[in-house]
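A look at the structure
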Amino acid sequence: CASGVEVTESGTLSHVPYGDNEALCWFVSCDSPSDIQLGFTSFDTEVCCDTVQVIAFDGSTHSIAVSYSGTSLPPSSSMTMANSESGYLIYFQSDSSNTGNGFSLNYQCTPPPAHFDGYCASGIEVTESGTLSHGPYGDNEALCWFVSCDSPSDIQL
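So, how was this worked out
Residues numbered from 1 in each chain as written. Predicted model: local features only at pLDDT ≥ 70, side-chain atom pairs only at ≥ 80, totals over all residues. Heavy atoms only, no water. Helix = DSSP H or I, 4+ residues; strand = E, 2+ residues; numbered from the N terminus. Buried < 20%, exposed > 50% of the residue type's maximum accessible area, 1.4 Å probe, protein only. Contact = heavy atoms within 4.5 Å. Areas by Shrake-Rupley, 256 points an atom, 1.4 Å probe, with all protein chains shown as cover. Phe/Tyr/Trp six-rings, centres within 6.5 Å; stacked < 30°, edge-to-face > 60°.

**Focus on the overall build of the protein chain**
The helix and strand inventory of the protein chain stands at zero helices and eleven strands. Ordered by position from the N terminus, the helices and strands of the protein chain form the series β-β-β-β-β-β-β-β-β-β-β. Every one of the 157 residues in the protein chain was classed for burial, and the buried ones make up 32%. In the protein chain, 69% of the contacts between residues at least 6 apart in sequence involve partners at least 24 apart. Accessible surface for the protein chain amounts to roughly 9800 Å². Of this, 48% is attributable to carbon and sulfur atoms.

**Overview of the environment of A65**
Turning to its location among the elements, A65 is positioned in strand β6 (residues 62-68). With ten residues separating them in the primary sequence, A65 and I55 have C-alpha atoms 5.2 Å apart.

**Quick word on the environment of T41**
When you line up the elements, T41 lands in strand β4 (residues 35-44). Residues contacting T41, with those up to four places away along its chain left out, are L73, S104, L105 and N106.

**Here we look at unusual backbone geometry**
Note that the residue after V16, namely P17, is joined by a cis bond; omega there is -25 degrees. The phi dihedral of N21 is positive, around 55 degrees, even though this residue is not glycine. Given the relative accessible area of 56%, N21 is considered exposed. A positive phi angle is found at N98, which is not glycine, with a value near 55 degrees. With respect to the helices and strands, the residue N98 is situated in the loop between β8 (87-93) and β9 (102-110).

**A short note on the packing of aromatic side chains**
For the structure shown, the criterion picks out eight aromatic pairs. Here the aromatic rings of F43 and Y68 are separated by 6.1 Å at their centres, their planes lie at 75 degrees, and the arrangement is edge-to-face. Taken as a pair, F43 in strand β4 and Y68 in strand β6 lie far apart in primary sequence, 25 residues in all. The burial state of F43 is the same as that of Y68; both residues are buried. Seen from their ring centres, F92 and F103 are 5.8 Å apart, and the 45 degrees between their planes marks the pair as tilted. Placement of the pair is F92 in strand β8 and F103 in strand β9, with a sequence separation of eleven residues. In terms of burial, F92 and F103 fall into one category: buried.

If you want it as structure tokens, here you go:
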């Protein structure tokens, strides 16, 4: 999109009603590392020609997560993006005739899971770079290592 609206943290995004020949976008992102949850609460567009695309966007590349049109609430009414991405681009486009009532969705930024929740009662956190090894290992061991970077970057193992 050449222009759009950026929304952060949590709220409701509604485009009700809409008109012919629209091309609009909204960028949903979080101010701090978070998981982003989206959930459509209403949905009504012209089935053939007016679409809402939800695009995973990391700042330089994108992939269409879902594309919806029609009168039914999208089958997967909530989506979550792990904090490794930058945000969701919500792109709406209508054609030159016939419109529906529009759509609404809730968005929320939630803290990512704690490092060891659900996996280990304790563990070791390592950051930036180094070597991690364990051996020989014993019977009935359950160990965890959490690898992270202090700044946003790709992790190579």
